[in-house]
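Structure assessment
Given next are the chains, with one letter for each unit.
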Amino acid sequence: MRMPRVVLTGLLLTTVAVVGPALPTPAVAAALPYQDPALPVATRVDDLLARMTLDDKVGQMTQAERKVVTAADLTSYRLGSVLSGGGSAPSPNTPAAWADMYDGFQRGALATPLQIPIIYGIDAVHGNNNVYGSTIFPHNIGLGATRDPALVQRIGRATAEEVTGAGQDWTFAPCLCVARNDRWGRTYESFGETAELPSAMTTIIDGFQGTTLDGPASVLATAKHYLGDGGTTGGTDQGNTQISEAELRAIHLPPFAAAVDRGVGSVMISYSSFNGSRLHGHKYLITDVLKGELGFSGFVVSDWAAIDQLDGQRGFTQAEVVTAVNAGLDMLMVPTDWKTFVSYLRSAVQAGQIPMSRIDDANRRILTKKFELGLFERPYADRSYASTVGSADHRALARQAVRQSQVLLKNAGGVLPLAKTGGKIFVAGKNADDIGNQSGGWTLSWQGGSGNTVPGTSILTGIRSAVGGGTTVTYHRDGTGIDSSYRAAIAVVGETPYAEYSGDRTGSLGLDAADLATIARLRATGVPVIVVLVSGRPLDVAAEVGNWNALLAAWLPGSEGAGVADVLFGDHAPTGKLPMTWMQSAAQQPINDGDGKTPLFQYGYGLTYGTATR
Ligand code: GLC
């Protein structure tokens, strides 16, 4: 829901000298058809398109990054969209400052002759994670472990409210990648390794978009990254997916078909290639399959400066613009060189390299979503949702998602759940008291970061809150100080934050030396050791897990770490199921359900309390 504005009519209102009794205020002249919300969207689009110049149309297809564009630029170049790259935030980083920034850009857009509002894109991929104070939900790999599409839809709704509360109207989510090789740095952005699990979790789109796009707090969703980003050889980010078309269709396409069926408003193209052909130039997969076969009627947006990669050279050329737009790209994320893009696209059309029919199709798709979102009637930030940012209700929902995402992989002798009262518990590990580590990448910054980065509850704080009187909880990062007097030791270990190719792991997939040393120090006392893995993927722990009394996969829980303690102390019996096959060895990668390899724990595995404990 956006805030209304005064619609300047199509006819110029003039002030007349009034003599004698005041003339009745001149009725506001009838708005132009495209400005009339009573008309069908298709009619409004047709009317507006007929009024647009080539510059208007080129501008609508251009998306620039907030740091390198001004409101005046939006007016001069008639740009259609602005984005925040990961971590690109106003200062101060508050919902009000975000809304002020949004409204400032919007005023620039509405100062154009046709007053076409912008749409503002942001990576709200696990909550509205760029905005300080937002609820940080578990990353998708943990949500896949819940096997709860209804819960995921509720998370989409909560996130939509927090996005709206900060003034934005479009999220570059959900990632519907099917992660097939755990070496990939974006494995945690995947709901799971099968076509079925991400397909089931497209309910998040209903959460984002609501029952109607102009409904309260509805924001546009983005199915990404089309197509096959999770299936590259070696799990290389932005790499080459070398499989048959039949495998591509069976494994990677179904989540996008499900998203289209749910009316997803946009689709983002993958940096990766399919058998050597870059997706950003793939007319068959974009135009014939996505738009034709699947009937996708929203708009297709490029990834960040992705057209630069089409010819393998730095920067982009007019030829690359032609290739991408003729392949079916509708909006180009050209974050910094947007002026060059505008010039190239205009020239390409004037030179007949891109038919006007393609330009009109792209504009029709973009404008249709802007009309459906209600942006023409209510283009300004709806600040009434600002109070939902980081709200207690949303944090409670996130904590529930954390609880449901925990996967219990080992529980020797039923050591879990731990008693809440009596004795001493020792907590160790670099991820026990670090909200940044438990949130992972795409948290306040692109790569995320260690430390007390966002408001929330660390796993350690959750543990301290869970225990009753008479129980003492001692924490030391590396386990120093433990002795045999403790009744249990909890080692919260795993990975530190990363995003995209920074998270690709071509070597070991095991725990780092510090974590191994910490666990060894705990084990040396003979105290039962419970390992809690905070990671964006399964890790290679087969050689060590036999020495552990319990193993709990916590994934990347986000700001509400108390949900982990809820499981450790039995307030919630673990219900999570593996969304990814768990390797016996990194040498097995890729290893996936049904491929004939023998895993350590199979896809769908997960213990609860009171059952077999392995
Ligand atoms: C990034 C990611 C994409 C994200 C976009 C905008 O490179 O690949 O998932 O939505 O750029 O931040």
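This section reports on the structure supplied with the text. None of the values given here were measured: they were computed from a predicted structure.

Focus on the sheet that holds strand 14 (residues 472-475)
The strand order across the open sheet formed by six strands is 12-17-16-15-13-14, and the pairing between neighbours is mixed. Across the chains shown, the open sheet's two edge strands, defined by having one partner strand only, are strand 12 (407-411) and strand 14. Taking each pair of neighbouring strands and ignoring which way they run, the sheet shows an average axis angle of 15 degrees. Bridge count between strand 12 and strand 17 (residues 550-553): four bridges; the pairing is antiparallel. Looking at the pairing, Leu408 lines up with Leu552 of strand 17. Along the sheet face, helix 18 (residues 513-523) touches strand 13 (424-428), strand 15 (488-494) and strand 16 (529-534) and points at about 175 degrees away from the line of strand 15.

Some points on the pairing of strand 2 (residues 81-84)
Taking every second residue as pointing to the same face, both faces of strand 2 are buried, with Ser81 and Leu83 on one and Val82 and Ser84 on the other. By the bridge criterion, three bridges tie strand 1 (residues 62-65) to strand 2 in an arrangement that is parallel. Bridge assignment links Glu65 to a residue of strand 2, and that residue is Leu83. As judged from the four bridges shared by strand 2 and strand 3 (residues 119-122), these two strands associate in the parallel manner. Within strand 3, the position partnered with Ser81 by the bridge is Ile119. One crossover worth recording links strand 2 to the parallel strand 3 by way of helix 4 (residues 95-109), and it is right-handed.

Quick notes on the site of the ligand
Every residue lining the ligand is accounted for by Asp123, Phe172, Arg186, Lys224, His225, Met268, Tyr271, Asp303, Trp304, Met333, Trp442 and Glu500. A distance of 2.7 Å is found between an oxygen atom of the ligand and a side-chain nitrogen or oxygen belonging to His225. In this structure, Asp303 approaches the ligand through a side-chain N or O atom, which is 2.6 Å from an oxygen atom. Protein contact buries 96% of the 310 Å² of open area that the ligand shows by itself. The residue inventory of the shell around the ligand, partitioned by class, reads six nonpolar, one polar and five charged.

Topic: helix 14 (residues 356-373)
Compared with the 26 Å implied by 1.5 Å per residue over 18 residues, the 26 Å span of helix 14 between its first and last C-alpha is a close match. Of all 18 residues in helix 14, 13 are buried; the element is thus mostly enclosed. Just downstream of helix 14 lies Gly374, where phi reads positive at about 80 degrees.

About the thresholds
Residues numbered from 1 in each chain as written. Predicted model: local features only at pLDDT ≥ 70, side-chain atom pairs only at ≥ 80, totals over all residues. Heavy atoms only, no water. Pairing = 2+ DSSP bridges. Helix = DSSP H or I, 4+ residues; strand = E, 2+ residues; numbered from the N terminus. Axes fitted to C-alpha atoms, helices over the stretch in contact; angles between N-to-C directions. Contact = heavy atoms within 4.5 Å. Buried < 20%, exposed > 50% of the residue type's maximum accessible area, 1.4 Å probe, protein only. Right-handed = clockwise from strand over helix to strand, strands pointing away. Near = heavy atom within 4 Å. Polar contact = N/O pair within 3.5 Å; in protein donor to acceptor, adjacent residues only side chain to side chain. Areas by Shrake-Rupley, 256 points an atom, 1.4 Å probe, with all protein chains shown as cover. Nonpolar A, V, L, I, M, F, W, Y, C, P; charged D, E, K, R; others polar. Expected span 1.5 Å × (residues − 1).

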